[in-house]
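The residues making up each chain are set out below.
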Amino acid sequence: MLERERAVGKSVILKKQIYELGIKAQSMVKEIQDEAETFLSDKDFTSMDFSKIETLSKQLKSIQLEYQEKAAELIRIRVTYNITD
């Protein structure tokens, strides 16, 4: 029973972490959109900070991979211990 209780606790923690990753990803997407819109409004590539967009894109990809790992772990725990929400 102790093992199942730990699994339930782990699933709660994973859900919270996944939620926080989603919020962080939304923020990064917004930043990328804001930077890209400087080009659309100015019609000038010189005003667009490509390095910032590239950095944010890499960070977003990293968040996506972390999200996928945590989601897979959450699914594994739910199936293994028959946890439903």
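Owing to the predicted nature of the structure, the values given are computational and were not obtained by experimental measurement. Throughout, a residue's number is its position along its own chain's written sequence, starting from 1. Local features in a predicted model are, by the rule used here, given only for residues with pLDDT of at least 70; side-chain atom pairs are given and counted only at 80 or more, and totals for whole chains, interfaces and linings are based on all residues. Calculated side-chain values reflect all of the structure's heavy atoms, with hydrogen atoms and water omitted.

Engineer: Would you explain the environment of Ile32 in this entry?
Structural biologist: Runs of H or I in DSSP of at least four residues are treated as helices and runs of E of at least two as strands, each being numbered from the N terminus. By the secondary structure assignment, Ile32 is in helix 1 (residues 2-42). The buried label applies to any residue whose accessible area, calculated with a 1.4 Å probe on protein chains only, is under 20% of its type's maximum; exposed applies above 50%, and partly exposed to all values in between. In this structure Ile32 comes out as buried when scored by relative accessible area, which is 17%. Spatially, the C-alpha atoms of Ile32 and Ser57 are 7.7 Å apart, while their sequence positions differ by 25 residues.

Engineer: Is there a simple way to explain the nonpolar core in this structure?
Structural biologist: Taken as a class, soluble globular proteins show a tendency for nonpolar side chains to be buried jointly. Grouped together as the largest cluster of nonpolar side chains are 7 residues: Leu21, Ala25, Met28, Ile32, Ile53, Leu56 and Ile63. The set of elements that each furnish at least two residues to this core consists of helix 1 and helix 2 (50-81). Ranked by residue count, the leading element in this core is helix 1, at 4 residues. Among residues more than four places away in sequence, those in contact with Leu56 are Met28, Glu31 and Ile32. Take the buried Ala, Val, Leu, Ile, Met, Phe, Trp, Tyr and Cys residues and link them wherever side-chain atoms come within 4.5 Å; each set so joined is a nonpolar core. Counting residues in hydrophobic clusters, the runner-up holds 6 residues, among them Ala7, Ile18, Ile77 and Ile83. Only heavy atoms matter for contacts: two residues are in contact if any of them lie within 4.5 Å across the pair.

Read these as layout, nothing more, since geometry by itself doesn't imply function.
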